[in-house]
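Letter by letter, the chains look like this.
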Amino acid sequence: VREEAKNFLGRKTRLDPFKPNPTRQEKAAAKRGVGGPDPDNPRLDVSGKGMRSPWNQQVAAMFSRVYVESPEAVSSDRREVEAAFLAHVPALCKQARKQDPDVHEDMNAVSRNRRRVRRRKLGKTRWETTFVMTELKHISKWINRLGTDGNSDDKSDGDDDSTGHQNRGATYWIVPLQWRSDDLVNMLRVLDVLHVSTHFNPEGKPDPGNWPRIRRERQSSASNPHAVQAVPRLPRNFYSQLWLDALTDQEFDRLEIRSEEVDLSIPGNVEQ
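Residues numbered from 1 in each chain as written. Predicted model: local features only at pLDDT ≥ 70, side-chain atom pairs only at ≥ 80, totals over all residues. Heavy atoms only, no water.

**Student:** Looking at this structure, how should I read the overall build of the chain?
**Tutor:** If you tally the helices and strands in the chain, you get 10 helices and three strands. What you see in the chain, going N to C, is helices and strands ordered as α-α-α-α-α-α-β-β-α-β-α-α-α. Pairs at least 24 apart in sequence give 62% of the contacts found in the chain among residues at least 6 apart. In the form shown here, the chain has an accessible surface area of approximately 16,600 Å², with 48% of it arising from carbon and sulfur atoms. (Helix = DSSP H or I, 4+ residues; strand = E, 2+ residues; numbered from the N terminus. Contact = heavy atoms within 4.5 Å. Areas by Shrake-Rupley, 256 points an atom, 1.4 Å probe, with all protein chains shown as cover.)

Below is the structure:
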């Protein structure tokens, strides 16, 4: 399919440029069932913004009709060929962004925005989870105070789909925030586990619908303590002492750290 797709799109090698992306107006019209890709001059949307968009699905359908009639075809099932073509689109988008820096930056911006939305949702679910058990209500306002920037970023090893939702089976690797203390990180991990536990009914069966994202930690190299802006005006034990020791006096003063300490220990019944 990959080789035939290359020929279908008018490219001899993977280094050859792609035809111009369809315009926003063209894609909107195709979504309404008006116009669409030209069978005699098929253009794929490799902007990365809608890899499974109606436009690209129409291109996949065109390709499947051509492919099944080719002597090189290994399948006569058009649905199977369309699925294989669409599965190849992310790789074609990567080739396109290497050729065009503007496309590369555009896709980076989309990725950053999606990651920030995930962080915002993560912070919201953690705050809501503090009300699950009365023993955790004392940290509710501080978990809320963390905001979006106080929750760790993550990077997916799978591409997001055209709607911006996660792909099933994708693993999201945590990008740790070096300024947070181990006690705070442990508490946040407990809140994540508690949130997952709310997705079971009283009989112990999982609830229907989408489950929380799979977030995993992996060994990462030490990062520059100045690279990430820490959330200010938090209790002192929310900050890593090692990270604080690396700050200048001015950087330390700008944090306006609260002198009080909040109990971040895990209650026994919660731990069980």
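Resuming the write-up.
**Student:** Mind showing me how you'd approach the packing of aromatic side chains here?
**Tutor:** The description of two aromatic rings rests on the distance between their centres and on the angle between their planes. Here the structure, examined in full by the defined rule, presents six aromatic pairs. Considering the side-chain rings of Phe63 and Tyr67, the 5.6 Å spacing of their centres and the 35° angle between planes classify their relative orientation as tilted. Placement of the pair is Phe63 and Tyr67 together in helix α3 (residues 54-68), with a separation of four residues, close to one helical turn. The exposure class of Tyr67 is buried, given its relative accessible area of 3%. Plain terms: the ring middles of Trp179 and Tyr239 are 5.7 Å apart, the flat faces sit at 45° to each other, and that makes the pair tilted. Residue Trp179 is located in the loop between β2 (172-175) and α7 (182-197), and its partner Tyr239 is located in the loop between β3 (215-216) and α8 (241-245); the two are separated by 60 residues in the primary sequence. Since its relative accessible area comes to 0%, Trp179 is described here as buried. (Phe/Tyr/Trp six-rings, centres within 6.5 Å; stacked < 30°, edge-to-face > 60°. Buried < 20%, exposed > 50% of the residue type's maximum accessible area, 1.4 Å probe, protein only.)

**Student:** Help me out: how do you make sense of the side chain of Arg119 in this one?
**Tutor:** Counting through the fold element by element, Arg119 comes out in helix α5 (residues 101-129). In this structure Arg119 is buried but unpaired, with Asp149 as the nearest side chain of opposite charge at 4.1 Å. A distance of 2.8 Å separates a polar side-chain atom of Arg119 from the backbone oxygen of Asn151. Sequence-distant contacts of Arg119, defined by excluding residues within four places in its chain, comprise Thr148, Asp149, Asn151, Ser152 and Asp153. (Lys, Arg positive; Asp, Glu negative; His and termini not counted. Salt bridge = Lys/Arg side-chain N within 4 Å of Asp/Glu carboxyl O. Polar contact = N/O pair within 3.5 Å; in protein donor to acceptor, adjacent residues only side chain to side chain.)

**Student:** Would you take a moment to explain the environment of His88 for this structure?
**Tutor:** Within the element layout of this structure, His88 appears in helix α4 (residues 78-99). Measuring from C-alpha to C-alpha, the distance between His88 and Val1 comes to 8.6 Å, with 87 residues separating the pair along the chain. Not counting the four nearest positions on each side in its chain, His88 is found in contact with Arg2 and Ala5.

**Student:** Looking at this structure, how should I read the pattern of salt bridges?
**Tutor:** Pairing is possible between side chains of opposite charge, provided their charged atoms come close. Going through the model one piece at a time under the given rule, you end up with nine salt bridges. Among the salt bridges present, the one from Glu26 reaches Arg43, with a minimum N-O distance of 2.9 Å. Residue Glu26 is located in helix α2 (residues 24-31), and its partner Arg43 is located in the loop between α2 and α3; the two are separated by 17 residues in the primary sequence. Look at Arg43 and you get buried, because its relative accessible area is 19%. When the shortest N-O distance is used, the salt bridge between Arg78 and Glu82 registers 3.9 Å. Highlighted residues: Arg78 and Glu82, both in helix α4, separated by four residues, approximately one helical turn. For Glu82, a relative accessible area of 23% corresponds to the partly exposed category.

**Student:** Is there a simple way to explain the packing of α3 against α4 in this structure?
**Tutor:** Each packed pair of helices is defined by two parameters, the angle between the axes and the distance between the axes. Look at α3 against α4: their axes get within 8 Å of each other, and the N-to-C directions meet at 125°. Considering their axes alone, α3 and α4 lie oblique with respect to each other. Along this stretch, α3 crosses α4, giving a crossing that reads as right-handed. Judged by residue contacts, Asn56, Gln57, Val59, Ala60, Ala61, Phe63, Ser64, Arg65, Tyr67 and Val68 of α3 engage Arg78, Val81, Glu82, Phe85, Leu86 and Val89 from α4. By residue class, the composition of the contact of α3 with α4 is 10 nonpolar, three polar and three charged. (Axes fitted to C-alpha atoms, helices over the stretch in contact; angles between N-to-C directions. Parallel < 35°, antiparallel > 145°, perpendicular 65-115°, else oblique. Left-handed = near helix turned anticlockwise from the far one by under 90°. Nonpolar A, V, L, I, M, F, W, Y, C, P; charged D, E, K, R; others polar.)

**Student:** Looking at this structure, I do not really get the confidence of the model for the chain. What am I missing?
**Tutor:** Atomic detail in the predicted coordinates should be set aside for any region of low pLDDT. Taken residue by residue, the chain gives an average pLDDT of 80. The fraction at 70 or more is 76%. This model gives residues 158-168 a pLDDT under 50, and the stretch forms 27 contacts once residues within four places in sequence are excluded. Across residues 221-227, where pLDDT falls below 50, the model places six contacts with residues more than four positions away in sequence or in other chains. (pLDDT = per-residue confidence, 0-100.)

**Student:** Can you help me understand a positive patch on the surface in this one?
**Tutor:** A grouping of Arg2, Arg14, Lys94 and Lys98 is seen on the molecular surface, where their side chains present a positively charged patch. Residue position: Lys98 is located in helix α4. What makes Lys98 exposed here is its relative accessible area of 71%. (Patch = residues over 30% accessible without salt bridge, like charges linked within 9 Å, V, L, I, M, F, W, Y side chains within 5 Å. Charge placed at Lys NZ, Arg CZ, Asp CG, Glu CD.)

**Student:** Help me out: how do you make sense of the nonpolar core in this one?
**Tutor:** For soluble globular proteins, the rule of thumb is that nonpolar side chains tend to be buried together. Leu146, Trp179, Leu234, Phe238, Tyr239, Trp243 and Leu255 are the most contacted members of the largest nonpolar core, which totals 25 residues. Among the secondary structure elements, those contributing two or more residues to this core are α6 (140-146), α7 and α8. Top contributing element to this core by residue count: α7, with six residues. In this structure, Trp55, Met62, Phe63 and Phe85 belong to the second largest nonpolar core, which totals 21 residues. (Core = buried A, V, L, I, M, F, W, Y, C linked by side-chain atoms within 4.5 Å.)

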